[in-house]
Amino acid sequence: MSKIAKTAPGKIILFGEHAVVYGQPAIAVPVTQVQAKAIVSPDIHADPGSIRIEAPQIELKSPLADLAIDDALALAVTLTLKYLEITRPPAFKLKVTSTIPLAAGLGSGAAVSVSVIRAVSEFLGQVLDNETVNTLAYEVEKLHHGTPSGIDNTVVTYAQPVYFVRGQTMETFAVSRDFTIVIGDTGVFSPTSSTVGDVRSGWEASQEKYDLLFENIGTLSQKARPAIEQGETEVLGELMNANHAHLVKMGVSCPELDSLVQVARDAGALGAKLSGGGRGGNMITLVRPDDADAMARTLTEAGATNTIITRVGT
Ligand code: PMV
């Protein structure tokens, strides 16, 4: 059995985070500049059934058997073995690395799961189809927060722009004219589980207010899709600004995100919003291609700890 390496990209949500958990449409795109990588190699000195996992960035080096059942890496491996109906695989080592910042709304958890599921299954002689990989990765996503919409694992698995409605078959769509997004990291660590939980509490306390916010955001996603398909970047920018305003009302922004969003708009962005779970992590800004480098510098000067320029296209 030979060594297998698989990668999976990061992602950003262009429209519809949080509202997507409540059945509204959302749009997400892959970010190929950052990625997770899983390498599976045979462990020739170990007995069959032995699996060792290494993830240097989180200082993990452990036999699978010693990891908690709710460890995300362990779960990705055990779910894959279960799906393949393999109880005693040939001994292997799994090494996971990632350039996707953690807990920043860039889909690091989903990308790690997808790369692990693909690498382990292929090492064991089976290439799983996207639908199966997506289903298994969704099971792991449930660890991060109990009620994931499934958008992260879907966009990362298919590595294409997706128009996503929870519980429905995902749709990809054509981008007629590439557009450029600058991603700015606030550097504020913010696990998705806590903002998703807070939105749930807010919704339970004032359902009417939240349902209206979710619906309004869903309408923005619906309008954004044709704008992307027809290359109307100016419209897209305005829709992003409107989406950010709704997320502020939902209580998932924070001073650092609002400040970078404002800086981007003042510097001539077509639009800007937070992206992902919020309260930290990343904001995104739509710019004219020639303005991308200057925008990245402006965001850095305004406190962004990292910036990524990405082109969205087919
Ligand atoms: O993983 P993040 O931080 O990009 O957030 C995922 C998007 C949410 O809508 C907040 C949650 C979900 O499950 O869709």
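Keep in mind that what you see is a predicted model, and the values were worked out from it rather than measured. Residue numbering note: each chain is counted from 1, following its sequence as written. Local features in a predicted model are, by the rule used here, given only for residues with pLDDT of at least 70; side-chain atom pairs are given and counted only at 80 or more, and totals for whole chains, interfaces and linings are based on all residues. As a rule here, side-chain values come from all non-hydrogen atoms in the structure, and water together with hydrogens is ignored.

## Section: the overall build of the protein
Counting from the N terminus, the helices are the DSSP runs of H or I reaching at least four residues and the strands are the DSSP runs of E reaching at least two. Secondary structure assignment for the protein yields 9 helices and 11 strands. C-alpha atoms define the radius of gyration, and 2.2 Å times the number of residues to the power 0.38 defines the globule rule. Rg of the C-alpha trace for the protein: 20 Å, near the compact-globule value of 20 Å for 314 residues, within the 12% margin. Accessibility here uses a 1.4 Å probe with only protein chains present; expressed as a share of the type maximum, an area under 20% marks a residue as buried, one over 50% as exposed, and anything in between as partly exposed. Put simply, the protein has 314 residues, and 54% of those count as buried. By definition, residues are in contact when any of their heavy atoms lie within 4.5 Å. In the protein, the proportion of contacts linking residues at least 24 apart, taken out of those at least 6 apart, comes to 73%. Methods summary: accessible areas were calculated by the Shrake-Rupley approach with a probe of 1.4 Å, and residue burial reflects only the protein chains presented. Here the protein has roughly 13,500 Å² of accessible surface; of this, 49% comes from carbon and sulfur atoms. In the protein, the 25 positive side-chain charges and the 34 negative ones have mean positions that sit 4 Å from each other. Positive: Lys, Arg. Negative: Asp, Glu. His and the chain ends are not part of the count. Where a charge sits is defined by one atom per residue type, namely NZ (Lys), CZ (Arg), CG (Asp) or CD (Glu).

## Thoughts on the nonpolar core
Residues belong to one nonpolar core when they are buried, are Ala, Val, Leu, Ile, Met, Phe, Trp, Tyr or Cys, and are joined through side-chain atoms within 4.5 Å. If you look at the biggest cluster of nonpolar residues, it comprises 76 residues, and the most contacted ones within it are Leu14, Val77, Val116 and Ile181. Three or more residues apiece are contributed to this core by two domains, here domain 1 (4-164) and domain 2 (174-312). In this structure, isoleucine 181 is in contact with Ile12, Leu14, Met240, Ile284, Thr285, Leu286, Ile308, Ile309, Thr310 and Val312, ignoring residues within four places of it in sequence. For the domain bounds, the source is a domain assignment made automatically or taken from a database.

## Regarding helix α6 (residues 207-229)
For α6, spanning 23 residues, the distance from its first C-alpha to its last is 33 Å, which sits close to the expected 33 Å at 1.5 Å a residue. What α6 keeps buried is the set Tyr210, Leu213, Phe214, Ile217, Gly218, Leu220, Ser221, Ala224, Arg225, Ala227 and Ile228. Positive phi shows up at glycine 231, right after α6, with a value of about 70 degrees. A helix is expected to span 1.5 Å for every residue after the first.

## A word on the side chain of serine 275
Mapped onto the secondary structure, serine 275 falls in strand β9 (residues 271-275). Polar contacts, as used here, are pairs of N or O atoms within 3.5 Å; protein pairs need one atom able to donate a hydrogen and one able to accept it. Residues neighboring in sequence count only if both atoms are side-chain atoms. Within the local environment of serine 275, its side chain forms a polar contact with the backbone oxygen of isoleucine 13, the two atoms lying 2.9 Å apart. Once residues lying within four places of it in the same chain are set aside, the contact partners of serine 275 are Ile12, Ile13, Glu17, Gly105, Asn282, Met283 and Ile284.

## Concerning the layout of surface pockets
Of the voids in this model, the largest pocket is the one considered here, and its volume is about 930 Å³. Buriedness for pockets is judged along seven lines, at least five of which must meet protein on both sides within 12 Å for an open set on the 1 Å grid over protein atoms alone, while cavities are sets there where a 1.4 Å probe fits but cannot get out, and lining residues have an atom within 4 Å of a point. Lining the largest pocket are 45 residues, and of these Ala103, Ser108, Gly109, Ala110 and His144 sit closest to its centre. For the lining of the largest pocket, the element with the most residues is helix α2 (residues 108-123), which contributes 5 residues. Looking at the lining of the largest pocket, its residues break down into 21 nonpolar, 19 polar and 5 charged. For the lining of the largest pocket, the domains that each give at least three residues are domain 1 (4-164) and domain 2 (174-312). Empty space within the second largest pocket amounts to approximately 280 Å³. Along the walls of the second largest pocket sit 15 residues, with Asn134, Thr154, Gln168, Thr169 and Met170 positioned nearest its centre. For the lining of the second largest pocket, the elements supplying multiple residues, two or more each, are α3 (130-144) and α4 (151-158). Sort the elements by how many residues they give to the lining of the second largest pocket and α3 lands first, with 4 residues. Grid points are joined across faces, edges and corners, and a volume is the space filled by probe spheres set on the points. Residues are grouped as follows: nonpolar covers Ala, Val, Leu, Ile, Met, Phe, Trp, Tyr, Cys and Pro; charged covers Asp, Glu, Lys and Arg; every other residue, Gly included, is treated as polar.

## Topic: the domain arrangement of the protein
As far as domains go, the protein holds domain 1 (4-164) and domain 2 (174-312). Counting from both sides, the interface comprises 29 residues of domain 1 and, opposite them, 45 residues of domain 2. Reported buried area values correspond to the accessible surface (1.4 Å probe) lost by two parts on association, with both partners' losses combined. Carbon and sulfur atoms supply 68% of the area buried between domain 1 and domain 2, which totals about 2,900 Å² over both sides. The largest per-residue losses of area from domain 1 upon contact with domain 2 belong to Phe15, His18 and Tyr22, which jointly make up 26% of the total buried on that side. Here, a salt bridge means any side-chain nitrogen of Lys or Arg that lies within 4 Å of a carboxyl oxygen of Asp or Glu. Taken together, the connections running from domain 1 to domain 2 amount to 1 salt bridge. Glutamate 17 is the partner of lysine 273 in a salt bridge, and the nearest nitrogen-oxygen pair spans 2.9 Å. Between the two partners, domain 1 and domain 2, sit 11 residue pairs in polar contact (both at pLDDT 80 or more). Put simply, the parts of the chain that give the side of domain 1 that touches domain 2 at least two residues each are β1 (4-15) and β2 (26-42). Considering every element that reaches the side of domain 1 that touches domain 2, the biggest residue donor is β2, with 6 residues. Of the residues in the side of domain 1 that touches domain 2, the class split is 20 nonpolar, 8 polar and 1 charged.

## As for the packing of aromatic side chains
Paired rings are identified among Phe, Tyr and Trp, the last through its six-membered ring, by centres lying within 6.5 Å, and are further divided according to the angle between planes into stacked (under 30 degrees), edge-to-face (over 60) and tilted (the rest). One pass over the structure, following the stated rule, counts 4 aromatic pairs. Ring plane angle 50 degrees and centroid distance 5.4 Å describe the contact between tyrosine 22 and tryptophan 203, whose orientation is recorded as tilted. One end of the pair, tyrosine 22, is in the loop between β1 and β2; the other, tryptophan 203, is in helix α5 (residues 192-205), and 181 residues separate them in sequence. Taken together through their ring pairs, the aromatic side chains of Tyr22, Trp203, Tyr210 and Phe214 make up a single cluster. In this structure, arginine 225 is placed above the aromatic ring of tyrosine 163, and the distance from its NZ or CZ to the ring centre is 4.9 Å. When the NZ atom of lysine or the CZ atom of arginine is within 6 Å of a ring's centre and also within 35 degrees of its normal, the charge is said to sit over that ring.

## So, the sheet that holds strand β10 (residues 282-287)
If DSSP finds at least two bridges between two strands, the strands pair. Read from one edge to the other, the open sheet built from 4 strands follows the order β9-β10-β8-β11, with strand pairing classed as antiparallel. Every interior strand has two partners, whereas the edge strands, β9 and β11 (306-312), have only one. Adjacent strand axes in the sheet meet at a mean angle of 25 degrees, parallel and antiparallel pairs treated alike. When β9 meets β10, the two strands line up antiparallel, connected through 5 bridges. Paired with serine 275 across the strands is asparagine 282, a residue of β10. Note on definitions: angles span 0 to 180 degrees between N-to-C directions of axes, and those axes are lines fitted to C-alpha atoms, for helices only across the stretch in contact. Each of β8 (179-185), β9 and β10 touches helix α7 (residues 233-250); the most contacted strand, β9, lies at about 45 degrees to it.

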